[in-house]
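# Per-entry structural report
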Amino acid sequence: MVIMAIDLGHVRTGVAVSDPMEMIASPVGTVTERKDTVLLEKLAALAKEKNADMLVVGLPRNMDGSCGESAQRCQALGEQLGQMTGLPVTFWDERLTTVSAIGFLNQTDTRGKKRKAVIDTVSAVIILEDFLRSRKG
């Protein structure tokens, strides 16, 4: 099953996909879009292009586990994307994925504009890797 993970942002949205065997999470890239309707269209097109069978949307819960404004937006957009694509959507707790992504980028000495361009994609890969690990065990 090909799984597409999405790290929704207000401007940049990171995307990653798994291989059909669900072994590897690969970066797809970052979609830069401020308008939710256009973003959803772009994500639906990517899901079709990548032959996704399932969508995993990062859910940015607060540290106490509650859902704030950002999490509610992600849930609404994820549900809309599921309706547009006809694919099942799973929401995945993404707390601290950006912190992990920053750690990876620090290790590779990725700085400045390049860092800004890839951090959301790296976060999507981390979300997908966590999700794939949970399916195995």
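In what follows, the structure referred to is the one given above.
What counts and what doesn't
- Residues numbered from 1 in each chain as written.
- Predicted model: local features only at pLDDT ≥ 70, side-chain atom pairs only at ≥ 80, totals over all residues.
- Heavy atoms only, no water.
- Helix = DSSP H or I, 4+ residues; strand = E, 2+ residues; numbered from the N terminus.
- Polar contact = N/O pair within 3.5 Å; in protein donor to acceptor, adjacent residues only side chain to side chain.
- Expected span 1.5 Å × (residues − 1).
- Contact = heavy atoms within 4.5 Å.
- 1 Å grid on protein atoms, 1.4 Å probe; cavity = no way out; pocket = protein on both sides within 12 Å on 5 of 7 lines; lining within 4 Å.
- Points joined across faces, edges and corners; volume = space filled by probe spheres on them.
- Nonpolar A, V, L, I, M, F, W, Y, C, P; charged D, E, K, R; others polar.
- Pairing = 2+ DSSP bridges.
- Axes fitted to C-alpha atoms, helices over the stretch in contact; angles between N-to-C directions.

### Things to note about the environment of R133
Here R133 lies in helix α4 (residues 112-136). In this structure the C-alpha to C-alpha distance between R133 and E22, which are 111 residues apart in sequence, comes to 9.3 Å. Polar side-chain contacts of R133 include one of 2.5 Å to the side chain of D130.

### Thoughts on helix α1 (residues 36-49)
In this model, α1 (14 residues) spans 20 Å end to end at C-alpha, consistent with the 20 Å of a helix rising 1.5 Å per residue. Elements that come into contact with the buried residues of α1 comprise β1 (3-7), β2 (12-18), β3 (25-32), β4 (54-59) and α2 (69-85).

### Some points on the layout of surface pockets
Estimated volume of the largest pocket: approximately 150 Å³. Around the largest pocket sit 11 residues that line it, and L8, G9, P60, S70 and E94 are the ones nearest its centre. It is α2 that provides the largest number of residues to the lining of the largest pocket, a total of 3 residues. Per-class residue counts for the lining of the largest pocket are 3 nonpolar, 4 polar and 4 charged.

### Description of the sheet that holds β2
In sheet architecture, strand pairing relies on hydrogen bonds along the backbone and comes in two forms, parallel and antiparallel. If you trace the 5 strands from one edge of the open sheet to the other, you get β3-β2-β1-β4-β5, paired in mixed fashion. Where the open sheet ends on each side, the last strands, each with one partner, are β3 and β5 (89-93). Neighbour to neighbour, the strand axes of the sheet diverge by 25° on average, direction disregarded. Relative to β2, β1 runs antiparallel, the two being bridged by 4 bridges. Looking at β2, one finds that A5 is bridged to A16. The strands touched by α1 within the sheet are β1, β2, β3 and β4, with β3 carrying the most contacts at an inclination of about 155°.

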